[in-house]
Amino acid sequence: FGLATADFTMPPAVFRQRLQWLERPVATGAGLLDGFPGDLAALRRHAGYFQTYHRSPSWPDLVVCSMSRLYEAHGEMRVKSVERIRDHDSEIRQDSKYTGLAAFWRNRIFINERSLGVNPMLSQTILIPFEAAHQRLYLRGVTMGVAWRQGNLPYASRMIWRHLGSKPDLRAALSRCGVLPLNARQLPPTVRSFLEGPPAELLTVPTEY
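Quick summary incoming for the structure in this document.

What counts, and where the lines are drawn
Residues numbered from 1 in each chain as written. Predicted model: local features only at pLDDT ≥ 70, side-chain atom pairs only at ≥ 80, totals over all residues. Heavy atoms only, no water. Helix = DSSP H or I, 4+ residues; strand = E, 2+ residues; numbered from the N terminus. Contact = heavy atoms within 4.5 Å. Phe/Tyr/Trp six-rings, centres within 6.5 Å; stacked < 30°, edge-to-face > 60°. Lys NZ or Arg CZ within 6 Å of the ring centre and 35° of its normal. Salt bridge = Lys/Arg side-chain N within 4 Å of Asp/Glu carboxyl O. Buried < 20%, exposed > 50% of the residue type's maximum accessible area, 1.4 Å probe, protein only.

**Overview of the environment of Leu-139**
For step 1, the next point in the chain: Checked against the element boundaries, Leu-139 lands in strand 7 (residues 138–147).
For step 2, the next point in the chain: For Leu-139 and Ile-128, which are eleven residues apart along the polypeptide, the C-alpha to C-alpha distance reads 5.8 Å.
For step 3, the next point in the chain: Among residues more than four places away in sequence, those in contact with Leu-139 are His-46, Phe-50, Ile-109, Leu-127, Ile-128, Pro-129, Phe-130, Met-159, Ile-160 and Trp-161.

**Concerning the packing of aromatic side chains**
For step 1, the next point in the chain: In total, this model carries one aromatic pair according to the counting rule given.
For step 2, the next point in the chain: When the ring centre of Phe-194 is taken as reference, the NZ or CZ atom of Arg-158 above it lies at 5.1 Å.

**A short note on the pattern of salt bridges**
For step 1, the next point in the chain: Applying the stated criterion across every chain, the model contains three salt bridges.
For step 2, the next point in the chain: Between Glu-72 and Arg-44 there is a salt bridge, and its shortest N-O distance comes to 2.7 Å. Within this pair, whereas Glu-72 is found in strand 2 (residues 62–73), its partner Arg-44 is found in helix 3 (residues 40–44), the two being separated by 28 residues in sequence.
For step 3, the next point in the chain: Glu-72 gets classed as partly exposed once you look at its relative accessible area, which sits at 38%.
For step 4, the next point in the chain: Overall, the relative accessible area of 43% leaves Arg-44 in the partly exposed class.
For step 5, the next point in the chain: The partner of Glu-76 in a salt bridge is Arg-78, and the shortest N-O contact between them spans 2.8 Å.

Now the structure itself:
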């Protein structure tokens, strides 16, 4: 039945969740789903809310600031992200939500997300865990997705997550979401130095060959 001896010592509610997980229908992608969550104990150390920052060809020369939550549910480590962008000059009001799963393998955090809405897309982020005991604030890595203002052009960019804790001021965190220039005072110095660099750091696929 896929149960271990230790499973029978779980609290009843947790044991029921374990059984429900085992009873899920086997889908074609089950082999891929077996990759999640990987080392769940390692992922738990990074649970909480994050302010995330990356660069996108949809907003040239700007930094996209969003908010994500990494949390455990039913034996998985799940991810929810919110992106809120206001461009008054172009009269653009963009509110995007994403849901996904996280896995921990070989000392790396792999996050796969799907956008919610009528035109969904997939993206992947790979982050490097906290490197030292005194550095528990930033996760650095790379994100890959498509640029919605550039004809769904695939791109890859540096990504950095700033840990906000387990109970931050959500209203304040959401108010910081949007697009900012690299020299904005609101950007933490660590974020700015990580995202600065030559244009080649923002990798895209040419539309013509």
